[in-house]
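# A closer look at the structure
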Amino acid sequence: MLEALRLDWDLFAVVLGGALVTWMTRIGGPWLIARVRLGPAANAALEATPGAVLVALVAPAALSRPSDALAAAFVCLIARRVPMVVAVVAGVVAVVLLRRLL
Amino acid sequence: MTIPASPPKSPGQEFALGTVHALPIVAGAIPFGFLLGSLAAKAGLSAIDMGLMSALVFAGSSQFVAVELLGKGSAGLAVVGAILLVNLRHLLMGATLAPRFRGVPAARAGLALFFMTDEQWALSLRRGPGLTLAYWYGVGLTLYLAWLASTVAGTLAGALIADPAAWGLDFTFIAVFLCLLAGFWRGVGSLPPWLASAAAALAVHALSPGGTWHILAGALAGGAVAGWQGRGQGKERASDA
């Protein structure tokens with residue numbers, strides 16, 4: 001239990017640094033956008049960015065093996081038809097089964 | 001999940017609504033946080049270390065990267081740099097939220113934006129112009145507490161989950177992000193930017209598997225294709241752009 005309560009000060013400095021840069025990325029967006037004017041292309045790009053970020057986040061992991069790719073496709077199919085928690089649980093069950101089969 | 005249009009609500013009702021909307025995400029975040037905590041324990045982090053990181057950084061994907069690098073004994077600056085890279089996407093997300101924060105005093109906006117995560121942002125954007133700070137904090141504080149509790153619990157439990165992949169828990173975050181992605185489907189026009197993002201992300205990921213550049217690459221590729229698609233719109237305003 002004592003070990004669980006130990007605080008590593010070098011690590012704490014890294015955490016503080018990480019916290020600061022992360023907070024700056026969070027407040028930086030509205031700050032930047034207030035100072036830059038956007039044309040239609042830039043607006044369309046900005047609008048599509050969230051989806052593109054999500055795709056980039058999941059693509060390497062989702063396509064890492066056939067079982068995961070199939071389960072990911074399954075989640076995409078049901079995602080708009082059932083509540084999110086149902087889709088997530090169904091996806092996890094599917095990936096466990098598919099990993100055993102494939 | 002659909003969010004029905006409704007008449008204006010009191011701050012208390014808005015907060016409660018945010019809490020309710022956050023619950024499905026909490027269900028996905030708890031195993032994710034627990035998994036991160038157990039990995040952190042293996043990397044030599046204490047529960048206090050993990051708790052401080054979750055409380056102050058509060059950004060899941062970047063914490064996974066940080067824990068991995070800390071376990072390898074990477075230099076502090078490299079870890080901070082990696083955290084920055086993973087979270088650069090917040091800049092673009094925050095930019096899309098800017099209209100909602102217009103008129104909010106800087107200090108209050110700065111505090112509220114601390115809670116901006118992928119999920120917070122996705123839920124809030126779907127509220128449209130009707131987004132309130134009460135709703136924002138309903139979502140944000142719920143996710144914050146769930147994240148803090150699950151990552152610390154995971155660290156304390158340590159190596160209890162010997163092989164998370166065997167339980168499919170590593171797939172949780174893929175499923176959650178795919179569900180969030182489905183919310184951004186705007187018809188076939190959404191497909192080209194997404195395919196471009198996937199192609200760029202896969203290519204860059206193949207070149208630097210441990211890195212986080214593929215997220216930036218995908219965002220830029222998807223944004224570029226969407227910009228090209230949208231270049232013809234609003235030509236009458238092109239002269240003053």
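From a predicted model like this one, the values you see are computed outputs, not experimental measurements. (Residues numbered from 1 in each chain as written. Chains lettered and ligands numbered in written order. Predicted model: local features only at pLDDT ≥ 70, side-chain atom pairs only at ≥ 80, totals over all residues. Heavy atoms only, no water.)

## Overview of the overall build of chain A
Rules: The helix count covers DSSP runs of H or I at least four residues long, the strand count covers runs of E at least two residues long, and both are numbered beginning at the N terminus. When accessible area is computed with a 1.4 Å probe and restricted to protein chains, residues below 20% of their type maximum are described as buried, those above 50% as exposed, and intermediate ones as partly exposed. Positive charges come from Lys and Arg alone, negative charges from Asp and Glu alone, with His and the N- and C-terminal ends not counted. To locate a charge, the coordinates of NZ of Lys, CZ of Arg, CG of Asp or CD of Glu are taken.
Counting its regular elements, chain A contains 4 helices and 0 strands. Traced from its N-terminal end to its C-terminal end, chain A shows the element sequence α-α-α-α. Projected onto its principal axes, the C-alpha positions of chain A cover 55 × 50 × 25 Å. Considering chain A as a whole, with its 102 residues, one finds that 47% of them fall into the buried category. Charged side chains in chain A number 9 positive and 5 negative. The centres of these two groups are separated by 15 Å.

## Some thoughts on the nonpolar core
Residues and elements named next belong to chain B. Formally: Nonpolar cores were defined as sets of buried Ala, Val, Leu, Ile, Met, Phe, Trp, Tyr and Cys residues, with membership established by side-chain atoms within 4.5 Å. Here the bounds of each domain stem from an automatic or database domain assignment.
In terms of nonpolar packing, the biggest core is built from 87 residues, with Met53, Trp136 and Phe171 touching the most fellow members. Top element by residues in this core is helix H9 (residues 172–182). It accounts for 10 residues. Here this core spans two domains, and each of domain 1 (11–184) and domain 2 (187–230) adds at least three residues to it.

## Remarks on the interface of chain A and chain B
Stated formally: Between two residues, a contact is recorded if the distance between any of their heavy atoms is within 4.5 Å. Buried area: the sum, over both parts, of the accessible surface (1.4 Å probe) that disappears when the two are put together. For this analysis, a salt bridge means a side-chain nitrogen from Lys or Arg found within 4 Å of a carboxyl oxygen belonging to Asp or Glu. Only Asp, Glu, Lys and Arg are considered charged in this grouping, and only Ala, Val, Leu, Ile, Met, Phe, Trp, Tyr, Cys and Pro are considered nonpolar; every other residue, Gly among them, is considered polar.
Contacts between the two partners involve 68 residues from chain A and, on the opposite side, 83 residues from chain B. Taken together, both faces of the contact between chain A and chain B bury some 6,100 Å²; the carbon and sulfur share is 78%. Across the contact surface, chain A and chain B share 0 salt bridges. For the side of chain A that touches chain B, the secondary structure elements donating two or more residues are helix H1 (9–33), helix H2 (40–62), helix H3 (66–79) and helix H4 (84–101) of chain A. A class-by-class count of the residues in the side of chain A that touches chain B yields 49 nonpolar, 10 polar and 9 charged.

## Digging into the pattern of salt bridges
Residue and element names in this part refer to chain A. Here the structure, examined in full by the defined rule, presents 3 salt bridges over all chains. The closest approach of N and O atoms between Asp68 and Arg99, which form a salt bridge, is 2.8 Å. Placement of the pair is Asp68 in helix H3 and Arg99 in helix H4, with a sequence separation of 31 residues. One network of salt bridges, with partners in common, ties together Arg65, Asp68 and Arg99.

## Thoughts on helix H10 (residues 191–207) of chain B
The condition that has to hold: Multiplying 1.5 Å by the helix residue count minus one yields the expected span of that helix.
The end-to-end C-alpha separation of H10(B) is 24 Å, in line with the 24 Å expected for 17 residues at 1.5 Å each. Close packing links the buried residues of H10(B) with H2 of chain A together with H9 and helix H11 (213–230) of chain B.

## Points about the UniProt feature "transmembrane region" (unreviewed entry) in chain A
Residue and element names in this part refer to chain A. Our working definition: UniProt positions are given in the numbering used here, feature names are shortened, and annotations may be inferred rather than shown by experiment.
According to UniProt, the positions carrying the feature "transmembrane region" (unreviewed entry) are residues 12–33, 45–63 and 69–98. With 95% helix and 0% strand, the stretch residues 45–63 has end C-alpha atoms that lie 25 Å from each other. Annotated as residues 69–98, this span is 87% helix and 0% strand, and its ends, taken at the C-alpha atoms, are 10 Å apart.

## Description of a nonpolar patch on the surface
All names here are of chain A. What counts, and what does not: In this scheme, patches are assembled from residues that exceed 30% relative accessible area and form no salt bridge. Like charges are connected within 9 Å, while nonpolar side chains (Val, Leu, Ile, Met, Phe, Trp, Tyr) are connected within 5 Å. For accessible areas, the Shrake-Rupley method is used with a probe of radius 1.4 Å. Any residue's cover is judged against the shown protein chains and nothing else.
Taken together, the side chains of Val85, Val86, Val89, Val93 and Leu97 define a hydrophobic patch exposed on the protein surface, amounting to about 390 Å² of accessible area. Summarising the element assignment, Val89 is placed in helix H4. Residue Val89 is classed as partly exposed on the basis of its relative accessible area, which comes to 48%.

## Details of the domain arrangement of chain B
How big an interface is tends to be stated in terms of accessible area lost as the parts join. Residues and elements named next belong to chain B. Applicable threshold: Whenever two N or O atoms come within 3.5 Å, that pair is a polar contact, provided that in protein one can donate a hydrogen and the other can accept it, and provided that, for residues adjacent in sequence, both atoms are side-chain atoms.
On domain assignment, one finds that chain B holds domain 1 (11–184) and domain 2 (187–230). Each of domain 1 and domain 2 has a C-alpha centre, and the two are 22 Å apart. Taken together, the contact pairs 9 residues of domain 1 with 7 residues of domain 2. Roughly 660 Å² is buried in total at the junction of domain 1 and domain 2, and carbon and sulfur atoms are behind 79% of that figure. Scanning the region where domain 1 abuts domain 2 turns up 0 salt bridges. Applying the counting criterion to the domain 1 and domain 2 interface returns 0 residue pairs in polar contact (both at pLDDT 80 or more). At the level of elements, helix H4 (76–87) and helix H5 (89–101) are the ones that each hand at least two residues to the side of domain 1 that touches domain 2. With 3 residues, H4 is the largest single contributor of residues to the side of domain 1 that touches domain 2.

## Points about the packing of aromatic side chains
Definition in use: Side-chain rings of Phe, Tyr and Trp, where Trp is taken by its six-membered ring, are said to pair if the distance between their centres is within 6.5 Å; with planes under 30 degrees apart they count as stacked, over 60 as edge-to-face, and otherwise as tilted. Counted as over-ring charges are cases with an Arg CZ or a Lys NZ within 6 Å of the ring centre that also lie within 35 degrees of the ring normal.
A full pass over the atoms with the stated rule returns 11 aromatic pairs over all chains. Cation over ring: Arg231(B) sits above Trp228(B), and NZ or CZ is 4.3 Å from the ring centre.

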